[in-house]
Every structure is written in structure tokens, then in C-alpha cells.
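The residues making up each chain are set out below.
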Amino acid sequence: QVQLVESGGGLVQPGGSLRLSCAASGSIFSIYSMGWYRQAPGKARELVAAVRSGGSTTYADSVKGRFIISRDNAKNTVLLQMDSLKPEDTAVYYCNADLTSYSGTRGNYWGQGTQVTVSS
């Protein structure tokens, strides 16, 4: 079994900052990438940022220059530092991991989601 546990969401004013954290645990053999997706009401889930095992990163255009993703491979954790938050960043944020378990199965795993609300 693999679990992704997220923390760090909440309510923040426009221009403020939040940091999301996600820890993967369980029967993990190797993690290829970890990242964050978000889903706003009435919209499709979209990639926010991802980091691969080698350290390369991908960001959505809408968050470039404002969000930074980082990963601790030894602890199987991924952080998302979100600065200069805008109301349009409001969404449920989901942690994602592309990994292989000790059973040899490779798949995508998801956290339960954490709400981020940007409002004055």
C-alpha cells in the first residue's frame, strides 16, 4: 500500500504565501516524479508543478515565477512554495506521485487533496 499525505492548505489574502507539503509512504521501491495538481470548481484538474527524480521541474505557465517545487528524495516528500497568491489560485490541490511499488507495479498515486483559498 502507498499513501500520500498532504498538509499546508488554508485561507490566505491575495499576495500572500502558503507552503504545501506531501509525504509518500508505504511499499515504495522507486519514485520517478512527484508533483501537484489543482482543481477549481467546475474546472478540470490541471498540473501545477512537478519534479522528477533527477531534479528537473515543470511548471504551469500561470504559476511560473511565483511557485517553487522542491523534493527530498531521501524522505519521499515534495514541497510547493506558493508566493504572490492570486484569487485564481483558489482550488483543491492534490499531490501526485509516479512510482513503482515493491510488488513491481508502476502507477500514479494521489493524495486526498488540500483546499487553498485566496481571498480578501
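Refer to the structure above for everything that follows.
Our subject in this report is the structure included herewith. In this text, all values refer to a predicted model and were calculated from it rather than measured experimentally.

A short note on the environment of Asn108
Inspection of the secondary structure puts Asn108 in strand S10 (residues 106–110). Residues Asn108 and Met34, 74 residues apart in the sequence, show an inter-C-alpha distance of 9.5 Å. Leaving out residues up to four positions away in the same chain, Asn108 has contacts with Asn96, Ala97 and Asp98. Polar contacts involving the side chain of Asn108 include one to the side chain of Asn96, which spans 3.1 Å.

Here we look at the pattern of salt bridges
Across all of its chains, the model carries five salt bridges by this definition. Close ionic contact of Arg38 with Glu46 constitutes a salt bridge, the shortest N to O distance being 2.7 Å. Looking at Glu46, the relative accessible area reads 35%, which means it is partly exposed. With its nearest N and O atoms 2.8 Å apart, the salt bridge here joins Arg106 to Asp98. Overall, Asp98 belongs to the buried group, its relative accessible area being 15%. In this structure, a network of salt bridges that share partners links the residues Arg38, Glu46, Arg66 and Asp89.

Concerning the side chain of Arg38
Looking at the element boundaries, Arg38 is found in strand S4 (residues 28–39). Reaching out from Arg38, the side chain makes a polar contact with the side chain of Ser62 at a distance of 3.3 Å. Polar contacts involving the side chain of Arg38 include one to the side chain of Tyr93, which spans 2.9 Å.

A closer look at unusual backbone geometry
Positive phi outside glycine occurs at Asn76, with the angle close to 55°. Residue position: Asn76 is located in the loop between strand S7 (67–72) and strand S8 (77–82). The residue Ser84 is not glycine, and still its phi comes out positive at about 50°. Looking at the element boundaries, Ser84 is found in the loop between S8 and strand S9 (91–101). Of the residues examined, Ser84 reaches a relative accessible area of 40% and is grouped as partly exposed.

Regarding the pairing of S7
Going residue by residue along S7, you find Phe67, Ile69 and Arg71 tucked away on one face and Ile68, Ser70 and Asp72 left uncovered on the opposite face. In this structure, S7 lies alongside S8, joined through six bridges in antiparallel fashion. Directly across from Phe67, in S8, lies its bridge partner Met82. Where S7 folds back on S8, the antiparallel hairpin that results is connected by four residues, among which Asn76 adopts a positive phi of roughly 55°.

Calculation criteria
- Residues numbered from 1 in each chain as written.
- Predicted model: local features only at pLDDT ≥ 70, side-chain atom pairs only at ≥ 80, totals over all residues.
- Heavy atoms only, no water.
- Helix = DSSP H or I, 4+ residues; strand = E, 2+ residues; numbered from the N terminus.
- Contact = heavy atoms within 4.5 Å.
- Polar contact = N/O pair within 3.5 Å; in protein donor to acceptor, adjacent residues only side chain to side chain.
- Salt bridge = Lys/Arg side-chain N within 4 Å of Asp/Glu carboxyl O.
- Buried < 20%, exposed > 50% of the residue type's maximum accessible area, 1.4 Å probe, protein only.
- Pairing = 2+ DSSP bridges.

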